[in-house]
Amino acid sequence: MKSKLFLVFITLLFAGCGGINLSSFGEEKKVVTLDKVNLYLKKSLPKRMKASFGKMKITAITALPGDKKNSLDFMVYFNIVTFEIPEGLNGSVTATSSLRFTPYNHLLYPKDINVTNLSFANQSLIEYVSNSAKSSIPKLAKAFLSSKDIYSLPTVKAKKLSKFETTPDGKLILYFK
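Now for a look at the structure at hand. Quick caveat, the model's predicted, so the values are computed rather than measured. Residue positions within a chain follow its written sequence, with the count starting from 1. Under the rules for a predicted model, residues below a pLDDT of 70 receive no local features and side-chain atom pairs below 80 are neither given nor counted, while totals for whole chains, interfaces and linings still include all residues. In computing side-chain properties, one takes all heavy atoms of the structure into account and sets aside hydrogens as well as water.

## Some thoughts on the sheet that holds strand β1 (residues 28-33)
If you walk across this open sheet you meet the three strands as β1-β9-β8, and the pairing is antiparallel. Each edge of the sheet is formed by a strand with only one pairing partner; in this case those strands are β1 and β8 (161-166). Direction aside, the axes of adjacent strands within the sheet are offset by 20° on average. Two strands pair if DSSP finds at least two bridges between them. The helix and strand labels rest on DSSP assignments: H or I over at least four residues marks a helix, E over at least two residues marks a strand, and numbering proceeds from the N terminus. Fitted lines through C-alpha atoms give the axes, limited to the stretch in contact for helices. The angle between two N-to-C directions lies from 0 to 180 degrees.

## Regarding the sheet that holds strand β5 (residues 89-102)
Strand order in this open sheet of six strands is β2-β3-β4-β5-β6-β7, and the pairing throughout is antiparallel. With one partner strand each, in any of the chains shown, β2 (47-51) and β7 (151-152) form the two edges of the open sheet. Bridge count between β2 and strand β3 (residues 54-65): five bridges; the pairing is antiparallel. Each residue of the ladder has a partner; that of Met49, found in β3, is Met56. Should any heavy atoms of two residues lie within 4.5 Å, those residues are counted as being in contact. Helix-sheet contacts for helix α2 (residues 34-42) involve β3, β4 (72-81), β6 (107-120) and β7, and the interaxial angle to β3 is about 165°. Sitting on the sheet, helix α3 (residues 131-147) is in contact with β2, β3, β4, β5 and β6, with an inclination near 160° to β6.

## Quick look at α3
Expected helix span is computed as 1.5 Å times (number of residues minus one). Relative to the 24 Å expected for 17 residues at 1.5 Å per residue, α3 spans 25 Å between its end C-alpha atoms, a close match to the ideal helical length. Listed as buried for α3 are Ala133, Ser136, Ile137, Pro138, Leu140, Ala141, Phe144 and Leu145. Contacts made by the buried residues of α3 are with β2, β3, β4, β5 and β6. Only protein chains enter the accessibility calculation, which uses a 1.4 Å probe; a residue is then buried when its area is under 20% of its type maximum, exposed when over 50%, and partly exposed in between.

## Looking at unusual backbone geometry
Of note, the amide linkage connecting Leu45 to Pro46 takes the cis form, showing an omega dihedral of 5°. Tracing the backbone shows Pro46 in the loop between α2 and β2. Despite not being glycine, Asn70 shows a phi value in the positive range, around 55°. With respect to the helices and strands, the residue Asn70 is situated in the loop between β3 and β4. Phi at Asp112 takes a positive value of approximately 55°, unusual for a residue other than glycine. As for its placement among the helices and strands, Asp112 is situated in strand β6.

## Re the side chain of Thr82
The residue Thr82 is located in the loop between β4 and β5 in this model. A 3.5 Å cut-off defines polar contacts: any pair of N or O atoms within that distance qualifies, except that in protein one atom must be a possible hydrogen donor and the other a possible acceptor, and neighbouring residues in sequence count only when both atoms are side-chain atoms. A polar atom in the side chain of Thr82 sits 3.0 Å from the backbone nitrogen of Ile85.

Here you go:
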């Protein structure tokens, strides 16, 4: 009987002093719709950038369910203006990434971004897009994405995002430790 009382006392002592947080043994789960993520992303746009080939404006970003486990896809829509195309040319960059969570400000960011596709809306103007622009546009989109928070989770008290998954119906399921 004394040993059981001693165990209860020690457990309460550690829990009371903050040494053991019983909720830290499990995972915290948070479900966010990709519509909410996309609305959050929309707040910081448009984003204008200067580049060696001219000007680029990111006009929209759409988060989509990823094809792989622990991946999220992004469509980054842009408009470029160059000397050869003064009226501008619209296009998009497709990228896949994982996610990282920063516990001090409760923000989600893309991580390990891989650009998979670059496309232009008007195929007849592609001949006027320089090779420098074609190689710079994905790099600019990747740099913007890597620095852009995609969602704020102020109620999450976890330290680390352990994994996440997306569903075909547009949900982002996050697991924290």
